[in-house]
Amino acid sequence: MTLSKSLYTRAIQCKKALWLKKYNPNVLAPPDETALAVFETGNRVGDLACQLFPHGKEVPYSKNYDEMIATTRQWIDDEISNIYEATFNFSGILVMVDILTISEDGEVSIYEVKSSTDVKEIYLHDVSIQYFVLQNLGFKIKSANVVHINNNYIRGDKLDIDELFTIVDVTSEIEDLQSNIPTLLSEFETYLNDRENEPKIDIGKHCNTPYECDAKEYCWKVQRQISDYSIFNIFNLGSKKQIELYSRGIVNIGDIPPDFELTALQSQAVENYKSQTTFIDKERIGEFIENLTYPLYHLDFETYQQAIPEYKGIKPFEQIPFQYSLHIEYADGTLEHKEYLSQDGIDSRYELAHRLCEDIPKDVMVLAYNMSFEKGVIKRLASLFPELEEHLLAINENTQDLMIPFQKKWYVTPTMQRSYSIKYVLPALVPEFEKAYKELDGVQNGSQAMNAFANMSDMEEGKKQKMRKALLKYCKLDTLAMVKVLGRLKEEIQR
Ligand code: SF4
């Protein structure tokens, strides 16, 4: 058996996922933009973490792993004390150690770098297989560690990598896992020895934990024929009940037996779905609409995050606003549009906050969808810029949430799948906008917007300008969608 450490952790999640990766990779979904962005962030964080153990040497990547192993061996013999991507093979198990430190007495320490903000259980398996390989190759291991991002760090004038990273010694947890590794490896080998027969492993919670499996489309849709409207996603049923229903052979909402124990909200959801009716509480929606004052400022922010903060005062993974769109709706229905999009490669938070205060007076009503996000962004800006604080906090004070009628279930249609996310609400209320988003060129959703802006500094000028236009169009559509959703609510109560 040949196994890399990523295949090992994949097999820890699901043996079928290992088998598919080896023998039927065509059924696996390719990584999407978000996954690629996470991967890219991981690389940059990994490179930076090497500076925690400076003056080391990085083993150049080669498809010929024997070369990497030989280089590692040579450098250990040469008494290089810090080796990045140190590569080893024991009995077909290939591992690359992010950072290997070797002390004068020959003892080694393993450092696995992660761009997350804590130590997840799966990381322990990741490190444990490295420990297993090195120990079996005869190394004396001093410690095994996970290096992750410290999300309490606030960047000063300069980046302080000792503060940015947290090193957690996981040696004792790793040692506890060692005794079980031979059993696991022999189990994986049994599955891999049978090339012809895919493992008979059913779907379940493990398909999403610790990672969303890239075989979900195949196992769930192709093999198990789970539809888009199933017990798994129609509403927040909880995985225990989902598995209970699934183990009884029930997948479709319509097949849930009447005596199956559900909360009042879940029962209402099932009934709503079964009867395919739309529920509208005109009275409550009417009250919501009456409380709105005009001109009404429909606001939406786009934000991005930096694992490694580039600007002073930023924490790792803090939501950094770079764009907003504002549709101002007057009482007679006329609309005015304002927008802001930062230049890339600079800290434009002050400029954005300043423009926001210019565009939104202190005493007007602002509408956001899921306002806790917009209010969180504004509150952070207020804390950063004291001269704008009063104005920004007044904007926050005057903000109302368009999500309320949907969150409180005053407006429910079967196609909303019990969700009040704009992703479901918009196609249910304003179906033509689904098409409008699909027709956008380059940026069609929030993650694409985030990735586009985060990568903009690396784009050549032509592509950058195209992407800026795409971002402006996308964000403008978001606030126009809010105007349309509100318009639909108004129409409903007048019927
Ligand atoms: S989708 Fe689920 S059952 Fe299928 S390979 Fe992935 S984890 Fe295993």
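Only a predicted model underlies this, so the values are computations on that prediction, with no experimental measurement involved.

Around the ligand, the surrounding shell consists of Cys14, Lys16, Ala17, Leu20, Ile201, Ile203, His206, Cys207, Cys213, Ala215, Lys216 and Cys219. Put simply, the parts of the chain that give the shell around the ligand at least two residues each are α2 (15-23) and α9 (216-223). The dominant element in the shell around the ligand, judged by the number of residues it contributes, is α2, at 3 residues. For the shell around the ligand, the residue count by class is 9 nonpolar, 1 polar and 2 charged.

What follows covers the sheet that holds strand β13 (residues 399-401). Taken in spatial order, the 5 strands of this open sheet run β11-β10-β9-β12-β13, and their pairing is mixed. Taken across any chain shown, the strands that pair with only one partner, and hence form the sheet edges, are β11 (335-341) and β13. Adjacent strand axes in the sheet meet at a mean angle of 25° when their direction is disregarded. In this structure, strand β10 (residues 320-329) lies alongside β11, joined through 7 bridges in antiparallel fashion. Bridging across to β11, Ile328 finds its partner in Glu336. Sitting on the sheet, helix α20 (residues 461-494) is in contact with β9 (296-304), β10, β11 and β12 (365-368), with an inclination near 45° to β10.

What follows covers the domain arrangement of the protein chain. Once the domains are mapped, the protein chain shows domain 1 (3-193), domain 2 (205-263) and domain 3 (278-495). Put simply, the middle of domain 1 and the middle of domain 3, counted by C-alpha atoms, are 40 Å apart. Taken residue by residue, the interface counts 18 residues in domain 1 and 13 residues in domain 3. A per-element tally of the side of domain 1 that touches domain 3 places helix α3 (residues 33-49) first, with 7 residues. When grouped by side-chain class, the residues that make up the side of domain 1 that touches domain 3 number 8 nonpolar, 6 polar and 4 charged.

What follows deals with the nonpolar core. Counting 54 residues, the largest nonpolar core has Val95, Ile99, Leu100, Ile110 and Val127 as the members making the most contacts within it. Both of domain 1 (3-193) and domain 2 (205-263) provide at least three residues apiece to this core. Apart from the residues lying within four places of it in its own chain, the contact partners of Leu100 are Ile83, Ala86, Val108 and Ile110. Of all hydrophobic cores here, the second largest spans 50 residues; its members include Ile378, Tyr474, Leu477 and Met482.

Basis of the calculations
Residues numbered from 1 in each chain as written. Predicted model: local features only at pLDDT ≥ 70, side-chain atom pairs only at ≥ 80, totals over all residues. Near = placed C-beta within 6 Å. Helix = DSSP H or I, 4+ residues; strand = E, 2+ residues; numbered from the N terminus. Nonpolar A, V, L, I, M, F, W, Y, C, P; charged D, E, K, R; others polar. Pairing = 2+ DSSP bridges. Axes fitted to C-alpha atoms, helices over the stretch in contact; angles between N-to-C directions. Contact = placed C-beta atoms within 7 Å. Domains from an automatic or database assignment. Core = buried A, V, L, I, M, F, W, Y, C linked by C-beta atoms within 7 Å. Buried ≥ 20, exposed ≤ 12 C-beta atoms within 10 Å, placed from the backbone.

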